[in-house]
Amino acid sequence: MAKIVGAITTSHVPAIGGAIAKGLQQDPYWKPFFDGFPHVREWLAKVKPDVVVLVYNDHGLNFFLDKMPTFAVGACDSYSNADEGWGIPQTAPFKGDSELSWHLIEHLVKEDFDLTTCQEMVVDHAFTLPMALCWPDQKWPVRVVPVVVNTVQAPLPSAARCYKLGQALARAIESWPKDERVVVMGTGGLSHQLDGERAGFINKDFDETFMASMVDDPAWATKYSTTELVELSGTQGVELLNWMVARGALPEKVRKEHSNYHIPISNTATGLMVLEPV
């Protein structure tokens, strides 16, 4: 049977891609951020995952404002990175696992999650940059299953709904009959707002409380509506919904293997966590 060996949650700011391309990992502005990842790579080398189920939000490559599914799952044998206009070098393709994808899709639909199933899919910076931070040589040693959450256009799914999606994903993964090791990754945030009167908004107190809740009180954020989460974390900070899916895939009791928090990176509070089941 498949086993979830842990979860990684991290930010996916597009400027990270530019910093990687320019070799700025030791630049004083970027160093506190990049210094968070060697330990993540050591942990991955230890747990040796076969599959990464990566939960993120699409930024217009697959879905735009005219067609925005609440939840979507990739069911492809391969996923390519496409140009988004950020000037970020494109990555090598990612190997999918369509058989596992269909298993997850069928299981989630049976649990009353209405999904958009994508048999053709490209992946953007919210997917590629966290993978490149974990495997900087970009020789991907894992297969991937993309899970997309709408954090862009109202109505957004609630934090409670996203947490339940993670719990259902865990049941689906653990019912997979193959003996494989799975890491669930949730990307986005933390607090930031890129537009409007509050452009540049960061809420460090909220971020630190939220990160602590990921360990000690995983349902903490579910007491807030999505509107309240936007007020607390910023318009784009609501990407923390992707973290909620990843956290829901773990049991209630977890151990914090690693964490890092740094502000600002491109007007964004960046967070990183590695959590293991107890």
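- Under the annotation held in an unreviewed UniProt entry, the chain carries the name Protocatechuate 3,4-dioxygenase and is attributed to Bradyrhizobium denitrificans.

### Digging into the sheet that holds strand β3 (residues 71–74)
Logical step 1: With mixed pairing, the eight strands of this open sheet are ordered in space as β6-β3-β8-β2-β9-β1-β11-β10. Each of the sheet's edge strands pairs with one partner strand only, and the pair in question is β6 (116–118) and β10 (254–265). In this sheet, adjacent strand axes meet at a mean angle of 15 degrees when their direction is disregarded.
Logical step 2: In the sheet, strand β2 (residues 51–56) pairs with strand β8 (residues 143–149) via six bridges, with the strands oriented parallel. Its bridge partner being in β8, Val51 is matched across the sheet by Arg143.
Logical step 3: Along the sheet, helix α3 (residues 38–47) contacts β1 (3–10), β9 (181–187), β10 and β11 (268–277); its crossing angle with β1, the most-contacted strand, is approximately 170 degrees.
Logical step 4: Where helix α5 (residues 125–134) meets the sheet, its contacts fall on β1, β2, β8 and β9, and the angle it forms with β2 comes to roughly 135 degrees.

### Some remarks on the layout of surface pockets
Logical step 1: The computed volume of the largest pocket comes to approximately 730 Å³.
Logical step 2: Around the largest pocket sit 36 residues that line it, and Asn57, His59, Leu194, Gln236 and Glu239 are the ones nearest its centre.
Logical step 3: Of all the elements in the fold, those that place two or more residues in the lining of the largest pocket are α1 (15–21) and α8 (226–233).
Logical step 4: Of all the elements, α8 adds the most residues to the lining of the largest pocket, at three residues.
Logical step 5: Residues belonging to the lining of the largest pocket are distributed by class as follows: 17 nonpolar, 15 polar and four charged.
Logical step 6: The volume enclosed by the second largest pocket comes to roughly 170 Å³.
Logical step 7: Lining the second largest pocket we find Ile20, Gln25, Gln26, Phe34, Asp35, Pro38, Arg41, Ala132, Leu133, Pro136 and Gln138.
Logical step 8: Taken together, the elements giving at least two residues each to the lining of the second largest pocket come down to α3 and α5.

### Focus: the packing of aromatic side chains
Logical step 1: Taken as a whole and judged by the stated rule, the model has 13 aromatic pairs.
Logical step 2: A network of ring pairs unites the aromatic residues Tyr29, Trp30, Phe33, Phe34 and Phe37 as a single cluster.
Logical step 3: Directly above the aromatic system of Phe201 lies the positively charged group of Arg198, at a separation of 4.1 Å from the ring centroid.

About the thresholds
Residues numbered from 1 in each chain as written. Predicted model: local features only at pLDDT ≥ 70, side-chain atom pairs only at ≥ 80, totals over all residues. Heavy atoms only, no water. Pairing = 2+ DSSP bridges. Helix = DSSP H or I, 4+ residues; strand = E, 2+ residues; numbered from the N terminus. Axes fitted to C-alpha atoms, helices over the stretch in contact; angles between N-to-C directions. Contact = heavy atoms within 4.5 Å. 1 Å grid on protein atoms, 1.4 Å probe; cavity = no way out; pocket = protein on both sides within 12 Å on 5 of 7 lines; lining within 4 Å. Points joined across faces, edges and corners; volume = space filled by probe spheres on them. Nonpolar A, V, L, I, M, F, W, Y, C, P; charged D, E, K, R; others polar. Phe/Tyr/Trp six-rings, centres within 6.5 Å; stacked < 30°, edge-to-face > 60°. Lys NZ or Arg CZ within 6 Å of the ring centre and 35° of its normal.

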